[in-house]
Amino acid sequence: MKIITDRDIPYIKGVLEPFAEVVYRDGRSISAADVHDADALVVRTRTRCDRRLLEGSAVRIIASATIGSDHIDMDYCARAGIDVAVAAGCNARGVLQWVGAAFVAASARDGWSPADRTLGIVGVGHVGSLVAEYARMWGFGEVLCCDPPRARAEGVPFAPLDEIAARCDIITFHVPLTHTGADATFHLADRTFFDKTRPGVLILNSARGEIIETAALADAAQNDVCTCAIDTWEHEPLIDRRLLRLSMFATPHIAGYSAQGKANAASMSVQALARKFGLPLTEWYPVSEVMPSMPRPISWDELHHTIGGYFDISAETAALKQHPADFELFRNSYAYRTEYF
């Protein structure tokens with residue numbers, strides 16, 4: 001058996017070698033020639049898995065150490081009989097930590113407390129549901145949630161997007177990137193959306209860059225319609241310099257970069273291959289390198305006094321604004337944070 005693996009997935013090297021030939025490649029450089037005789041791929045978002053890469057190959061499963069699948073042509077894989085496994089929810093607490101850091105830094109800069117603010121959460125899956133839980137714990141005046149697919153499936157009275165825009169002082173996005181269907185999220189926040197928002201709304205995006213129209217967001221920020229904290233950007237790593245300059249906080253797509261999140265992603269990828277090929281790794285986790293997270297409640301006061309010791313969002317912002325061309329370098333060399341709540 002042969003497995004092609006993105007060389008930058010942490011904790012995974014040496015795990016599969018007893019059972020397969022494992023070839024490590026730069027994720028952006030994985031080619032059709034590399035995969036033609038491979039049984040499995042272990043990738044990140046850098047590898048576009050579509051017909052051009054996969055046609056005629058022996059690949060039977062793609063395990064992606066990521067929460068999303070927008071880098072994978074799911075329709076083609078279904079037609080070709082290729083299983084796809086993603087690490088949904090693996091880094092949810094890491095993203096929660098990024099959101100908490102943005103809240104604390106913004107409140108300190110602008111002089112507000114959670115009780116003064118109505119929070120809107122767009123997308124209430126693994127991450128959004130955690131943000132809602134902790135936001136209520138932190139004492140936000142009101143927490144409104146928007147999730148049309150869940151509203152239809154569960155009959156839960158989520159708020160529509162227009163209400164989120166009209167009523168919320170802070171809006172944070174946690175949706176997957178989709179381009180088709182009734183719930184397509186590509187440019188979900190466009191000029192029409194920003195025409196409806198409250199003056200000075202704080203926008204957070206740690207989901208996918210393409211869910212917000214860059215030019216519309218930059219114009220809104222420039223005209224004091226909004227402020228923003230951005231982790232995910234359109235056209236990464238060639239990010240928009242105007243939006244970078246105008247952002248209150250700006251980080252290089254590292255919101256979910258916690259040690260536990262990366263360990264979860266590696267673990268879920270290995271376990272997917274183990275189930276597919278009958279390997280004795282169905283419960284593997286890199287316990288010798290990473291302690292699993294220990295979720296716990298945390299008050300706003302404790303968060304305010306501790307988050308800077310784990311994640312200094314202002315320092316990360318200053319570094320990226322000073323050296324925007326190093327976006328990918330910052331991302332690849334990032335020192336993974338520890339999840340402490």
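Right above here is the structure, for reference.
Let me begin by describing the structure that accompanies this report. Each chain carries its own residue numbering, running from 1 in the direction its sequence is written. It should be noted that, the model being predicted, local features are given only for residues of pLDDT at least 70 and side-chain atom pairs only at 80 or more, the latter also being counted only at that level, while totals for whole chains, interfaces and linings use all residues. Here the side-chain values reflect all heavy atoms present in the structure, with hydrogen atoms and water set aside.

### Side note on the overall build of the chain
Piece 1. Scanning the chain from terminus to terminus reveals 14 helices and eleven strands.
Piece 2. Put simply, the radius of gyration uses C-alpha atoms, and a globule should come to 2.2 Å times the residue count raised to 0.38. In summary, the chain has a C-alpha radius of gyration of 20 Å against a globular reference of 20 Å for 341 residues, a match within 12%.
Piece 3. Its C-alpha atoms give the chain principal-axis dimensions of roughly 60 × 45 × 40 Å.
Piece 4. Of all 341 residues assigned to the chain, the portion counted as buried reaches 55%.
Piece 5. Contacts: residue pairs with any heavy atoms within 4.5 Å of one another. Look at the contacts in the chain between residues 6 or more apart in sequence, and 64% of them connect residues 24 or more apart. Helix and strand definitions follow DSSP, with helices as H or I runs of at least four residues and strands as E runs of at least two, each counted in order from the N terminus. Each residue is placed in one exposure class: buried if its accessible area under a 1.4 Å probe, protein chains only, is under 20% of its type's maximum, exposed if it is over 50%, and partly exposed if it falls in between.

### Looking at the sheet that holds strand S1 (residues 2–6)
Within a sheet, neighbouring strands are paired by backbone hydrogen bonds and run either parallel or antiparallel to one another.
Piece 1. Each pair of strands is called paired provided DSSP finds at least two bridges between the two strands. Read across the sheet, five strands follow the order S2-S1-S3-S4-S5 without closing on themselves; strand pairing throughout is parallel. Each of the sheet's edge strands pairs with one partner strand only, and the pair in question is strand S2 (21–25) and strand S5 (83–86). Taken pair by pair, the neighbouring strands of this sheet meet at an average axis angle of 15°, ignoring direction.
Piece 2. As paired elements, S1 and S2 share five bridges and run parallel to each other. Each residue of the ladder has a partner; that of Thr5, found in S2, is Tyr24.
Piece 3. Axis geometry follows a simple rule: fit a line to the C-alpha atoms, using only the stretch in contact for helices, then measure angles between N-to-C directions, giving values from 0 to 180 degrees. Running over the sheet, helix H11 (residues 259–277) touches S1, strand S3 (40–43), strand S4 (61–64) and S5 and is turned about 160° from S4.

### Some thoughts on the layout of surface pockets
Piece 1. Within this scheme a cavity is a closed region of a 1 Å grid, computed over the protein atoms alone, that accommodates a 1.4 Å probe without allowing it to escape, whereas a pocket is open but has protein on both sides within 12 Å along at least five of seven lines; lining residues each have an atom within 4 Å of a point. Grid points are joined across faces, edges and corners, and a volume is the space filled by probe spheres set on the points. By volume, the largest pocket is sized at about 980 Å³.
Piece 2. What lines the largest pocket is a set of 41 residues, among which Val175, Pro176, Leu177, Thr178 and Thr185 lie closest to the centre.
Piece 3. At the level of elements, helix H3 (74–80), helix H5 (126–138) and helix H6 (148–154) are the ones that each hand at least two residues to the lining of the largest pocket.
Piece 4. In this structure, the second largest pocket spans a volume of roughly 420 Å³.
Piece 5. What lines the second largest pocket is a set of 19 residues, and nearest its centre among them are Thr45, Asp70, His71, Glu210 and Glu236.
Piece 6. Put simply, Ala, Val, Leu, Ile, Met, Phe, Trp, Tyr, Cys and Pro go in the nonpolar bin, Asp, Glu, Lys and Arg in the charged bin, and everything else, Gly too, in the polar bin. The class makeup of the residues in the lining of the second largest pocket is three nonpolar, seven polar and nine charged.

### Here's the deal with the environment of Ile211
Piece 1. In this structure, Ile211 sits in the loop between strand S9 (201–205) and helix H9 (214–222).
Piece 2. Judged by its relative accessible area of 0%, Ile211 is buried.
Piece 3. Distance in space between the C-alpha atoms of Ile211 and His179 is 9.5 Å, their sequence separation being 32 residues.
Piece 4. Among residues more than four places away in sequence, those in contact with Ile211 are Phe173, Val175, Pro176, Leu177, Thr185, His187, Leu188, Ala189 and Asn205.

### Quick notes on the pairing of S1
Piece 1. S1 sits mainly inside the fold: five of its five residues count as buried.
Piece 2. Burial of S1 is two-sided: the residues Lys2, Ile4 and Asp6 facing one way and the residues Ile3 and Thr5 facing the other way are all buried.
Piece 3. Bridging between S1 and S3 involves three bridges; their strand directions are parallel. Each residue of the ladder has a partner; that of Ile3, found in S3, is Ala40.

### Considerations on the sheet that holds strand S6 (residues 118–122)
Piece 1. Strands sit in the order S7-S6-S8-S9-S10-S11 across an open sheet of six strands; the sheet is parallel. A strand with exactly one partner marks an edge of an open sheet, and here the two such strands are strand S7 (142–146) and strand S11 (249–250).
Piece 2. Sitting on the sheet, helix H4 (residues 92–110) is in contact with S6, strand S8 (170–173), S9, strand S10 (226–230) and S11, with an inclination near 155° to S9.

### Some thoughts on H11
Piece 1. Helix span, as expected, comes to 1.5 Å for every residue beyond the first. For H11, spanning 19 residues, the distance from its first C-alpha to its last is 27 Å, which sits close to the expected 27 Å at 1.5 Å a residue.
Piece 2. Extensive coverage of H11 is indicated by the burial of 15 of its 19 residues.

### Let's talk about empty space enclosed by the protein
The rolling of a water-molecule-sized probe over the atoms marks out the regions of remaining empty space.
Piece 1. Within the structure shown, the criterion is met by two cavities of 30 Å³ or more.
Piece 2. What lines the largest cavity is a set of 22 residues, and nearest its centre among them are Asn91, His253, Tyr257, Lys262 and Arg331.
Piece 3. Among the elements that take part in the lining of the largest cavity, H11 stands out by supplying three residues, more than any other.
Piece 4. The residue makeup of the lining of the largest cavity, split by class, is nine nonpolar, seven polar and six charged.
Piece 5. Lining the second largest cavity, in full, are Asn205, Gly209, Ile212, Thr214, Leu217, Ile230, Thr232, Trp233, Glu234 and Leu243.
Piece 6. Taken together, the residues of the lining of the second largest cavity sort by class into five nonpolar, four polar and one charged.

### Quick look at the packing of aromatic side chains
The description of an aromatic ring pair rests on the distance of the ring centres and on the angle between the ring planes.
Piece 1. For Phe, Tyr and Trp, rings pair up if their centres lie within 6.5 Å, where Trp contributes its six-membered ring, and each pair is then called stacked (planes under 30 degrees apart), edge-to-face (over 60) or tilted (otherwise). Tallying each qualifying case throughout the model produces 14 aromatic pairs.
Piece 2. Relative to Phe193, the ring of Phe173 lies with its centre 6.0 Å away and its plane at 65°, an arrangement referred to as edge-to-face. Taken together, the residues Phe173 in strand S8 and Phe193 in helix H8 (residues 191–196) connect sequence positions 20 residues apart. Pair check on accessibility: Phe173 and Phe193 agree, each one buried.

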